[in-house]
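Listed below, chain by chain, are the residues.
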Amino acid sequence: MTDEVSGQQATKPTLSKRARLNMLLGDRRRSVVALAGCSILSGFTEAGTLALIAQIAASLVKGGKHVNASIGHFHVHASMGTLIEVAFALTLLRLVLQIPLSVLPARIVAGVQASMRVRLFDAFARASWDVQSRDVEGQLQDTMTTQVMQATAGALQTTIFINSLFTFLVLMGTAFALNSVAALIVGGTSVLLFGLLRPLRRLGVRYSRSLSQAQVEYAGGIAEAIRLAQETQVFGAVDPQRKRVGVLIGNSNQLAFRAQLLGKLVGNLYQSLIYMLMVAGIAGLYLAGAKYAGSLGGVILVLLRAGTSGQLVQGSYQSIAQALPFMERTQDAMNRYAESAPKEGSQPLTQISGLAFENVSFAYNEGRPVLSELSFEVAANEVIGIIGPSGAGKSTIVQLLLQLRAPDTGRYLVNGRRADEFARADWHKQVSYVPQEPRLLHATVSENIRFFRDLDDEAVTRAAKLARIDEDIMSWPMGYETLVGPRADAVSGGQQQRICLARALAAQPEMIVLDEPTSALDPGSERLIGESLQGLKSQVTLFIIAHRMSTLDMCDRVMVIVDGRLVGFDTKALLQRDNTYYRHASALAAGTSPVG
C-alpha cells in the first residue's frame, strides 16, 4: 500500500522508580524476599566463618589447643576442635544456601525475560495498524531481542545487587561488632566512593541511552538491507550498502565500548581502594602486635570480604543504571502499542446487509488530507470496483473498509451502525482481505489457508476449490501438507495468490476486499482468479481495487477516486458516458486515443 506515511518519533522515557523496579523484577516479590533472606543468612555464615578462621589461625601460630580470646564484644573460650567443628558447620550451611542463591536469580531473570517478550508482543499484536505500520523497519525485532536482552541483563544485575547489598550490610555489621573504628572507616569510604563515582554512572547511562537508539537504527539498516538484497545485487550497490551498514555497526560499537568501559572502571576503582584498606589493616595488625592478631585478623578478613561485596554492589548498581534505557525503550514500546489498541465493540455482527461512508476524511499528516469527504452506499452482495491514479487514496480506502484505520472525520456505517460498535471477533469472521502481494507462512498449504483459525479440513478444501487452487494442490506429492512459504520450494505467483484467496474465503465471510489481485499475474492465473471471483458474485460483497480495466468486467458499479475525492460512482456504462477519468482510462486500456 502506497498511501501510508511511515516514521517513528522517539518519546522521552518517563518510567517511575516503581515502574523500573517492576520491569527489573517482574513483580516477583516472593522470590526477591527469599533472595534477600538467603543473602542475609549467607552473610552471617560467612562472617562467622572468617572470624573463626582468623582466631584458629592465630591460635595455631601460638601453639595452643584452646582458644581464650575476645573477638570484639564477644569472648571465646573453647577447644580448637570445637571451633573447627563450628567453622565447618557454618561453611556447610553456607554451601547449602548457595542452591537457592543460584536458583532464585536464574528463575527471576528467566521470568523477567519471558514476561517482557510476551507482554511486548501481546501489546504489538493488539495495537492499531496505524501504530504498527509506523514502526521503523526492524524495530520490533530489535526491541524483542537486543533491547529485552539488555534489560534482562539489568534484572540479573539487580539480583546480584540484592545479594551483594545484604551480604555487605551483614559483613559490615559483623566488622563493626569486632572493631567499630575499622568498620566505620570502610563504611565511610564506601559511601564516599559511591558519591564520587556518581558522575561516571550518569555518563554511563547517557552512553547506554545512545547505544539503545543506535542498536534500533542498526537493526533497521540490517532489515532494510535484507529486504533490498536483490536490488543491491542488480544495481551493483554492494559496496555502498556495506559502507552504510559498517557505519551503523561502528556507531553501535563505539557506544558499546564507552558504556562497557565506564561499567568496568567503576568496579576497578572501588576494588583498588579495597586493596589499599587491606594494606592499611595489615599495617595496623603489625603495630598492634601478635596479642591481638586473632581479633584484628578476623576484622581484616571480614572487611576484605565486605569490600568485595561492596565492589559488587557498586558494579551491579552501575550496570542496572546502564540497563535502564533499554528497559525504558521496551516499556515505551509496550505503552505505545497498548494505548493505540482499537476499542472493543459489543454489538454482534452475523451478516452485512449494507455499508456506507458519510463524509469520511482521513490524513496521515495534519493538513495533508489523503481522502476528503467521501460519501457512498453499497448494498449487500454488490461487486464494487475502485479505480484512480496512483496516490489517489485507493489503498487508504481499503484500510478504512477493513477498520485498519479510523476516519478522522465522518462515519463508517455497517448495517446502519458505526463499524467500530461491532465485536472485533465477529468483524474478523465477516470481513476478509486479499492483498496485492501474496504473503505466505513457512508452513503447509492447509495451515496457510487456516491462518491460525479454528477451521476444519472441509472448510479448507471448500475454500481451495472456490479459489481454483485445489487441483494444483492435489497434483503436488504432499497435497495439502506441502510446505510452502518464503523458505520452502517455490510455487508460482498465481498459485500463491490463489492460496491467499482461499485463505480469505475459508471462514465464509460476508465481505471481501481485494487490493488488485491480478495485477502481477500471468493470463492463465488471472483467468482462474477471475473465475473464482465470478463464482462469488451475488454471494458476498466484493470491493476490488483495480489497476487493470479488465478487472472491472464483473463489477456492478465502479468508484472513481481522484486526489482523494470521489469523482464518480456508477455503472461502467454511465461512467463511460459521464466520467472523464474513466473514459480516458478505458481508452488507454483499449489502446485507442482518449476522447473528451
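Parameters at a glance
- Residues numbered from 1 in each chain as written.
- Predicted model: local features only at pLDDT ≥ 70, side-chain atom pairs only at ≥ 80, totals over all residues.
- Heavy atoms only, no water.
- Helix = DSSP H or I, 4+ residues; strand = E, 2+ residues; numbered from the N terminus.
- Buried < 20%, exposed > 50% of the residue type's maximum accessible area, 1.4 Å probe, protein only.
- Contact = heavy atoms within 4.5 Å.
- Areas by Shrake-Rupley, 256 points an atom, 1.4 Å probe, with all protein chains shown as cover.
- Pairing = 2+ DSSP bridges.
- Salt bridge = Lys/Arg side-chain N within 4 Å of Asp/Glu carboxyl O.
- Core = buried A, V, L, I, M, F, W, Y, C linked by side-chain atoms within 4.5 Å.
- Polar contact = N/O pair within 3.5 Å; in protein donor to acceptor, adjacent residues only side chain to side chain.
- Axes fitted to C-alpha atoms, helices over the stretch in contact; angles between N-to-C directions.
- pLDDT = per-residue confidence, 0-100.

### Brief notes about the overall build of the protein
Next, step 1: Across its full length, the protein holds 19 helices and 14 strands.
Next, step 2: When the 596 residues of the protein are sorted by exposure, 46% land in the buried category.
Next, step 3: Excluding contacts between residues fewer than 6 apart, the proportion of contacts in the protein whose partners are at least 24 apart in sequence is 76%.
Next, step 4: Here the protein has roughly 30,100 Å² of accessible surface; of this, 58% comes from carbon and sulfur atoms.

### Describing the pairing of strand E13 (residues 557–562)
Next, step 1: Here strand E5 (residues 383–387) pairs with E13 via four bridges, running parallel. From the neighbouring strand, Ile-386 faces E13, where its bridge partner is Met-559.
Next, step 2: When E13 meets strand E14 (residues 565–570), the two strands line up antiparallel, connected through five bridges. For Val-562, the partnering residue across the bridge sits in E14 and is Arg-565.

### Concerning the pattern of salt bridges
Next, step 1: For the coordinates displayed, the defined rule picks out 18 salt bridges.
Next, step 2: Notably, a salt bridge pairs Arg-557 with Glu-382, separated by 2.9 Å at the nearest N-O pair. Taken together, the residues span a long stretch of sequence, with Arg-557 in strand E13 and Glu-382 in the loop between strand E4 (368–379) and E5 at a distance of 175 residues.
Next, step 3: Residues participating in the shared-partner salt-bridge network are Asp-130, Arg-134 and Arg-405.

### Looking at unusual backbone geometry
Next, step 1: For Gln-403, which is not a glycine, the phi torsion comes out positive at approximately 60°.
Next, step 2: Its place among the elements puts Gln-403 in the loop between helix H11 (394–401) and strand E6 (409–414).
Next, step 3: Using a relative accessible area of 13% as the deciding quantity, one classes Gln-403 as buried.
Next, step 4: Positive phi values are uncommon outside glycine, yet Arg-468 reaches one of about 60°.
Next, step 5: Mapped onto the elements, Arg-468 comes out in the loop between helix H14 (457–466) and helix H15 (470–475).
Next, step 6: You can call Arg-468 partly exposed: its relative accessible area is 31%.

### Here's the deal with the nonpolar core
Next, step 1: Formed by 43 residues in total, the largest nonpolar core has its most connected members in Ile-449 and Ile-512.
Next, step 2: Ranked by residues supplied to this core, first place goes to helix H16 (residues 493–505) with six residues.
Next, step 3: Not counting the four nearest positions on each side in its chain, Ile-512 is found in contact with Ser-432, Tyr-433, Val-434, Ala-504, Leu-505, Leu-536, Val-540, Thr-541, Leu-542 and Phe-543.
Next, step 4: Within the second largest apolar cluster, 33 residues are counted, among which are Leu-355, Val-398, Trp-427 and Met-511.

### A closer look at the side chain of Thr-482
Next, step 1: Within the secondary structure layout, Thr-482 lies in the loop between H15 and strand E10 (483–484).
Next, step 2: Overall, the relative accessible area of 15% leaves Thr-482 in the buried class.
Next, step 3: A distance of 2.7 Å separates a polar side-chain atom of Thr-482 from the backbone oxygen of Gly-479.
Next, step 4: Beyond its immediate sequence surroundings of up to four residues, Thr-482 is in contact with Ala-443, Thr-444, Val-445 and Trp-476.

### What to know about the environment of Val-86
Next, step 1: Assignment of secondary structure puts Val-86 in helix H3 (residues 80–126).
Next, step 2: Look at Val-86 and you get partly exposed, because its relative accessible area is 39%.
Next, step 3: Each C-alpha atom, one on Val-86 and one on Gly-48, is 9.2 Å from the other, the two residues being 38 residues apart in sequence.

### A closer look at the sheet that holds E4
Next, step 1: Spatially, the four strands line up as an open sheet ordered E4-E3-E6-E7, and their pairing is antiparallel. Every interior strand has two partners, whereas the edge strands, E4 and strand E7 (417–418), have only one.
Next, step 2: Contacts from H11 reach strand E3 (354–365), E4 and E6 within the one sheet, and its direction differs from that of E3 by about 120°.

### Section: the confidence of the model for the protein
Next, step 1: Residue-level pLDDT values for the protein average 82, and 81% of them are 70 or greater.
Next, step 2: The weakest mean pLDDT in the protein belongs to strand E1 (residues 66–71) at 60; the strongest belongs to E6 at 96.
Next, step 3: In this model, residues 1–13 is a region of pLDDT below 50 whose contacts with residues beyond four sequence positions or in other chains number 32 contacts.
Next, step 4: In the model, residues 290–294 has pLDDT below 50 throughout and makes nine contacts with residues more than four positions away in sequence or in other chains.

### Describing the side chain of Glu-382
Next, step 1: Overall, the relative accessible area of 14% leaves Glu-382 in the buried class.
Next, step 2: At 2.8 Å, the side chain of Glu-382 forms a polar contact with the backbone nitrogen of Ala-379.
Next, step 3: Within polar-contact distance, the side chain of Glu-382 engages the side chain of Arg-557 at 2.9 Å.
Next, step 4: Ignoring any residue separated from it by four or fewer positions in sequence, one finds Glu-382 in contact with Val-540, Thr-541, Leu-542, Asp-556 and Arg-557.

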